[in-house]
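Observations on the model geometry
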Amino acid sequence: MKVVYISILSVAGLLFVLALILILTGGGGTAEPRLKLNETCKSENFTGICASKDSCLTNLTTTKLESCNEGDLSLFCCPKRIPGEKAKEMCEIYGKAAIKHVMNPEKPDCRVEEEVRNGHAKEKEFPHMVLIAKLILPTSSSESSGLLWMCSGSVVSPQFVLSVAHCKVTKDDGYVFFGINKKPTSDEIMELFRSHSSVISDVYIHPHYNTKNNANDIALYKLPIKLNESQRPICLDTGISLFNKMVIETSFGINKEKQFNLEKVGLNIIDPGSCAATYKRFIDDFPERYICAGENTCWGDSGGPIQIAHSEHKCMYTLIGVSSFGPNCSLDTNLPSVYTKVSDYIGWIEDIVWPA
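Note that this is a predicted model, so its numbers are computed, not measured.

A closer look at the overall build of the chain
Helices and strands together make up the secondary structure of the chain, namely five helices and 19 strands. Counting over 356 residues, the chain shows a buried share of 45%. Once local pairs closer than 6 in sequence are excluded, the contacts in the chain between residues at least 24 apart make up 68%.

Here's what the structure looks like:
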């Protein structure tokens, strides 16, 4: 009996070791195939190819690289193209399309002002501004359908609008209203539906959007139609210095007493470190890749842009950030508004809007 008992223990021990090996190696399932040189890979903010770090087409000081295979630092997921180059190219194209209709290119009448003047935006001053709405269908015969204004956005190409991920619209219930300078009244909506709106054909929410702290709060909304040149796209920031910059926020919700008009306001950029410290008592895990601007301002519509006049192309603005969160209009606080920093997502945007 003693010999048999030892044999059983030996077998049990062997089985235990084998089970442990299976657990440590993934439970016996099929291991993820290792990526090889020049194979397609997916990084947090772009789709790329596996290559050595030295051969990456990117600025290593501004682009965070991830290894193609865990624990292997010989291959990194590198952008297929230099991030920002396509955005610059398209900005030039949109700029030329904007200026070609101006009678005197030296003094264009497209109303892009470098000096910030707070107040009501002029007609066509910010042609990239749109409103994103959600169609609410009736749940009973006694109810009627209606629209909820969810957020603002910016036209970045004739078929794409850039806004925030928390807008909460889908391709089944979302509408984009363009070419307007105020939120329409109930009497105006039907006319605007026919002439100034489009359904949404697809929604691209950033894959690492975090609902708890609004990290990576950015999304693209694709339209099934191509907007005309009147809805001029805004250029995308590819990493300009924001030191001592004043930006322009445009929103349909900045001034609570004039909430139906498109308003503009100049805001000073706030140091990121002091901004995070100010929010520390409200948010433990403050998001990265953000811009803070303004103090004691009434937070505008979600997704609304902060922008500056383009330094090279007349009639064009540069999109710096999209409004993510901030102080409530009814509260007297010293909190700045927080915006998702567009330049940190330029590769992700380019891959969707202008695929390589």
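Considering the state of the cysteines
Taken as a whole and judged by the stated rule, the model has six disulfides. The partner cysteine of Cys41 in its disulfide is Cys77, sulfur to sulfur 2.1 Å. Between Cys41 and Cys77, the S-S dihedral sits near 100°, and the bridge is therefore right-handed. Linking Cys41 in strand S1 (residues 40–42) with Cys77 in strand S4 (residues 72–79), this pair joins segments that are 36 residues apart in sequence. Like Cys77, Cys41 is buried.

Notes on the sheet that holds strand S3 (residues 67–69)
Spatial strand order, S1-S2-S4-S3: four strands in an open sheet with antiparallel pairing. Of all strands in the sheet, those bounded by a partner on one side alone are S1 and S3. Put simply, the sheet's adjacent strands are angled 50° from each other on average, direction ignored.

What about the sheet that holds strand S9 (residues 174–178)?
In space, the seven strands of this open sheet follow the order S10-S9-S6-S7-S8-S12-S11, with antiparallel pairing throughout. If you trace the sheet from one side to the other, it starts and ends with strand S10 (197–199) and strand S11 (202–205), each paired once. Strand-to-strand twist of the sheet, defined as the mean angle between neighbouring strand axes without regard to direction, takes the value 35°. The sheet contact formed by strand S6 (residues 129–136) and S9 spans five bridges and is antiparallel. Across the sheet, the residue bridging to Ala133 is Tyr175, located in S9. The sheet strands contacting helix H5 (residues 346–353) are strand S7 (146–157), strand S8 (160–163), S11 and strand S12 (219–222), and the helix crosses S12 at an angle near 15°.

Description of the nonpolar core
Core analysis: the biggest nonpolar cluster contains 42 residues, and Val156, Leu162, Phe177, Leu220, Leu236, Leu319 and Ile349 have the highest contact counts within it. Once residues within four sequence positions are removed from consideration, Leu319 is found in contact with Ser154, Val156, Leu162, Ile234, Cys235, Leu236, Asp237, Pro305, Ile306 and Val342. Counting residues in hydrophobic clusters, the runner-up holds 15 residues, among them Ile132, Cys151, Val155 and Ile200.

Quick look at the pairing of strand S18 (residues 317–325)
Along S18, nine of the nine residues are buried, which leaves the element largely enclosed by surrounding structure. As paired elements, strand S13 (residues 235–236) and S18 share two bridges and run parallel to each other. Within S18, the residue paired with Leu236 across the bridge is Leu319. In this structure, strand S17 (residues 305–309) lies alongside S18, joined through five bridges in antiparallel fashion. The residue bridging Ile308 from the neighbouring strand is Thr318, located in S18.

Points about the confidence of the model for the chain
Across the chain, the average pLDDT comes to 82, with 80% of residues at 70 or higher. A low-confidence stretch, residues 1–9 (pLDDT under 50), is modelled with zero contacts involving residues beyond four sequence positions or located in other chains. Note on residues 17–28: pLDDT is under 50 here. Beyond four places in sequence and across chains, it has two contacts.

Digging into unusual backbone geometry
One can expect most non-glycine residues to show negative phi and most peptide bonds to be in trans. Not every positive phi belongs to a glycine, and Lys168 is a case in point at roughly 65°. Its place among the elements puts Lys168 in the loop between S8 and S9. One non-glycine residue, Arg289, lies in the positive phi region at around 60°. Its place among the elements puts Arg289 in the loop between helix H4 (272–279) and strand S16 (290–293).

Overview of H5
At 3.6 residues per turn, the α-helix brings residues three or four places apart onto the same side. Burial analysis of H5 places seven of its eight residues in the buried class, the great majority of the element. Every buried residue belonging to H5 is among Ile346, Gly347, Trp348, Ile349, Glu350, Ile352 and Val353, and all of these are buried.

Digging into the packing of aromatic side chains
Applying the stated rule across the entire model yields nine aromatic pairs. Summarising the aromatic geometry, the rings of Tyr175 and Phe193 are spaced 5.1 Å apart at their centres and angled 90° between planes, so their arrangement reads as edge-to-face. On the criterion of sequence distance, the pair formed by Tyr175 in strand S9 and Phe193 in helix H3 (residues 189–195) is long-range, its members being 18 residues apart. Sitting above the plane of the Phe76 ring, Lys53 keeps its charged end 4.9 Å from the centroid. Taking the ring centre of Tyr345 as reference, the NZ or CZ of Arg289 above it sits at 5.8 Å.

Calculation criteria
Each chain has its residues counted from 1, following the order in which its sequence is written. Thresholds applied to this predicted model are a pLDDT of at least 70 for local features of residues and 80 or more for the giving and counting of side-chain atom pairs; totals over whole chains, interfaces and linings are not thresholded and use all residues. Note: side-chain values were computed over all heavy atoms of the structure, leaving out hydrogens and water. Helical segments are the DSSP runs of H or I of at least four residues, strand segments are the runs of E of at least two, and each set is numbered from the N terminus. Burial classes follow relative accessibility: with a 1.4 Å probe on protein chains only, a residue under 20% of its type's maximum area counts as buried, one over 50% as exposed, and anything between as partly exposed. Contacts: residue pairs with any heavy atoms within 4.5 Å of one another. Whenever a pair of cysteine sulfur atoms sits within 2.5 Å, that pair is classed as a disulfide. DSSP calls a pair of strands paired once it identifies at least 2 bridges connecting them. The angle between two axes is taken between their N-to-C directions and runs from 0 to 180 degrees, where each axis is a line fitted to C-alpha atoms and a helix contributes only its stretch in contact. Residues belong to one nonpolar core when they are buried, are Ala, Val, Leu, Ile, Met, Phe, Trp, Tyr or Cys, and are joined through side-chain atoms within 4.5 Å. The predictor's confidence in any single residue is recorded as pLDDT, a number from 0 to 100. Pairs were defined over the aromatic rings of Phe, Tyr and Trp, the Trp ring being its six-membered one, requiring ring centres within 6.5 Å. Orientation was assigned from the angle between planes: stacked under 30 degrees, edge-to-face over 60, tilted for the rest. Whether a charge sits over a ring comes down to the Lys NZ or Arg CZ being within 6 Å of the ring centre and within 35 degrees of the ring normal.

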